Amino acid sequence: MERILFYNARLCLHSNPYGCIVQSNHAKIMSNWITVDFFVQNPLNIMFAALAVGSAALLLWQSLANRNVSSVSVTQASMLISARAQIIDVREVEAYVSGHIKNAKSLPFSQIREQLPLLKLKKDKPVLLVCERGSVGTKAVAIFKKHEFTDVHVLDLGLKAWREAQLPLVKD
């Protein structure tokens, strides 16, 4: 009896007009079938399979790590700003001075742990975190939540998206 493994592929080499037929007792496979053991004949396939599994695991981990982060679009950010959200720009000072959202306060991510308690922000009001592309703001959310801020949002894709929407920036 032939052993059938999940990673085998079966190719039909028969020119029969009825195609390849597997007999009804499932134990006999016609002789015109050939088994290709992908993992045995080409060890690189093991590497590709491991790469695929690793990539899937990283994507899952990233989505689980960011599930508590509220990313908002440019439109939603504009509505938050209209509702008097506290805007915090977590880019470095040089980037902040070159252009920022009106009424945003500068709080560089490199200084956030020391400077956040000194800002006198209201913990019950919405906070909008802004960075260049959204990734630094996502990291800053955890710090704000540790300081008991309840309504923290990140501008999705950061100021890059803000500029692409041609919304105004001010310079100091």
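Counting starts from 1 at the beginning of each chain's written sequence and moves along it residue by residue. With the structure being a predicted model, the display of local features is reserved for residues of pLDDT at least 70 and the display and counting of side-chain atom pairs for 80 or more, all residues being used for whole-chain, interface and lining totals. Side-chain calculation: all heavy atoms of the structure are included, whereas hydrogens and water are not.

Looking at the overall build of the protein chain
Right, so step 1: Assigned secondary structure in the protein chain consists of seven helices and seven strands.
Right, so step 2: Starting at the N terminus and ending at the C terminus, the protein chain contains elements arranged as β-β-α-α-β-α-β-α-β-α-β-α-β-α.
Right, so step 3: A 1.4 Å probe rolled over the protein chains alone gives each residue an accessible area, and that area as a share of the maximum for its type sets the label: buried under 20%, exposed over 50%, partly exposed in between. Buried residues in the protein chain amount to 27% of all 172 residues.
Right, so step 4: Any two residues whose heavy atoms approach within 4.5 Å are treated as being in contact. Long-range contacts, defined here as pairs at least 24 residues apart, represent 62% of the contacts in the protein chain between residues at least 6 apart.
Right, so step 5: In the form shown here, the protein chain has an accessible surface area of approximately 11700 Å², with 59% of it arising from carbon and sulfur atoms. A run of DSSP states H or I qualifies as a helix once it reaches four residues; a run of E qualifies as a strand once it reaches two. Both are numbered from the N-terminal end. The method behind every accessible area is Shrake-Rupley, applied with a 1.4 Å probe, and residues are considered shielded solely by the protein chains displayed.

Here's the deal with the packing of aromatic side chains
Right, so step 1: When the centres of two rings from Phe, Tyr and Trp lie within 6.5 Å, Trp using its six-membered ring, the rings pair. Their planes under 30 degrees apart give stacked, over 60 give edge-to-face, and anything left gives tilted. The final tally for this structure, using the stated rule, is one aromatic pair.
Right, so step 2: Whether a charge sits over a ring depends on NZ of Lys or CZ of Arg being within 6 Å of the ring centre and within 35 degrees of the ring normal. One Lys or Arg, K123, reaches over the ring of F149 and ends 5.9 Å from the middle of that ring.

Thoughts on the sheet that holds strand 5 (residues 105-106)
Right, so step 1: Criterion used throughout: strands pair if DSSP finds at least two bridges between them. Here five strands make up an open sheet; going across it, the order is 3-7-6-4-5 and the pairing parallel. Unpaired on one side and paired on the other, strand 3 (70-72) and strand 5 mark the two borders of the sheet.
Right, so step 2: Contacts from helix 3 (residues 74-82) reach strand 3, strand 4 (86-89), strand 6 (127-130) and strand 7 (152-155), with the element oriented near 100° to strand 3. Working convention: axes come from line fits to C-alpha atoms, limited for helices to the stretch in contact. Angles between N-to-C directions cover 0 to 180 degrees.

Considerations on unusual backbone geometry
Right, so step 1: With a phi close to 70°, R84 is a non-glycine residue in the positive phi region.
Right, so step 2: Mapped onto the secondary structure, R84 falls in the loop between helix 3 and strand 4.
Right, so step 3: In this structure R84 comes out as exposed when scored by relative accessible area, which is 61%.
Right, so step 4: Of note, the phi angle at L157 is positive, near 65°, even though the residue is not glycine.
Right, so step 5: Looking at the secondary structure, you find L157 in the loop between strand 7 and helix 7 (158-164).

Overview of the confidence of the model for the protein chain
Low pLDDT means the predicted coordinates in that region are not meant to be read closely.
Right, so step 1: Chain-level statistics for the protein chain give a pLDDT mean of 79 and a share of 72% at 70 or above.
Right, so step 2: Looking across the protein chain, the model is least confident in strand 1 (residues 8-12), with a mean pLDDT of 47, and most confident in strand 4, with 96.
Right, so step 3: A residue's pLDDT is the confidence the predictor assigns to it, expressed on a 0 to 100 scale. Note that pLDDT drops below 50 for residues 1-11; the model gives that stretch 27 contacts with residues more than four away or on any other chain.
Right, so step 4: In this model, residues 21-35 is a region of pLDDT below 50 whose contacts with residues beyond four sequence positions or in other chains number 26 contacts.

Overview of helix 6 (residues 135-146)
Right, so step 1: Taken as a whole, helix 6 has its buried residues at G137, A140, V141, I143 and F144.
Right, so step 2: On its buried side, helix 6 packs onto strand 4, helix 5 (112-115), strand 6 and strand 7.
Right, so step 3: E148 sits one or two positions beyond helix 6 and adopts a positive phi of about 70°.

Examining a nonpolar patch on the surface
Right, so step 1: Any residue with relative accessible area above 30% and no salt bridge may belong to a patch, with like charges joined within 9 Å and the nonpolar Val, Leu, Ile, Met, Phe, Trp and Tyr side chains within 5 Å. Should a side-chain nitrogen of Lys or Arg be within 4 Å of a carboxyl oxygen of Asp or Glu, the pair is scored as a salt bridge. A surface patch of nonpolar side chains, amounting to about 420 Å² of accessible area, comprises L44, M47, F48 and L51.
Right, so step 2: Looking at where M47 falls in the secondary structure, it is placed in helix 2 (residues 44-65).

A short note on the pattern of salt bridges
Right, so step 1: Applying the stated criterion across every chain, the model contains four salt bridges.
Right, so step 2: Two residues, D89 and R91, come together in a salt bridge whose shortest N-O distance is 2.8 Å.
Right, so step 3: Salt-bridge contacts for E132 lead to R163; the nearest nitrogen and oxygen are separated by 2.6 Å. Of the two residues, E132 sits in the loop between strand 6 and helix 6 while R163 sits in helix 7, which places them 31 residues apart along the sequence.
Right, so step 4: We classify R163 as partly exposed; its relative accessible area is 37%.
Right, so step 5: A single network of salt bridges, built from pairs that share partners, joins D89, R91, E132 and R163.

A closer look at the nonpolar core
Right, so step 1: Note on terminology: a nonpolar core comprises buried Ala, Val, Leu, Ile, Met, Phe, Trp, Tyr and Cys residues joined through side-chain atoms within 4.5 Å. By size, the foremost hydrophobic cluster in this structure holds 17 residues, and its most contacted members are I88, V90, I112, L116, L129, F144 and F149.
Right, so step 2: For this core, the secondary-structure elements that each account for two or more residues are strand 6, helix 6 and strand 7.
Right, so step 3: If one sorts the elements of this core by residue count, helix 6 sits on top with four residues.
Right, so step 4: Apart from residues lying up to four places away in sequence, L116 is in contact with L107, L121, I143, F144, H147 and F149.
Right, so step 5: Grouped together as the second largest cluster of nonpolar side chains are 15 residues, I87, Y96, A104 and L155 included.

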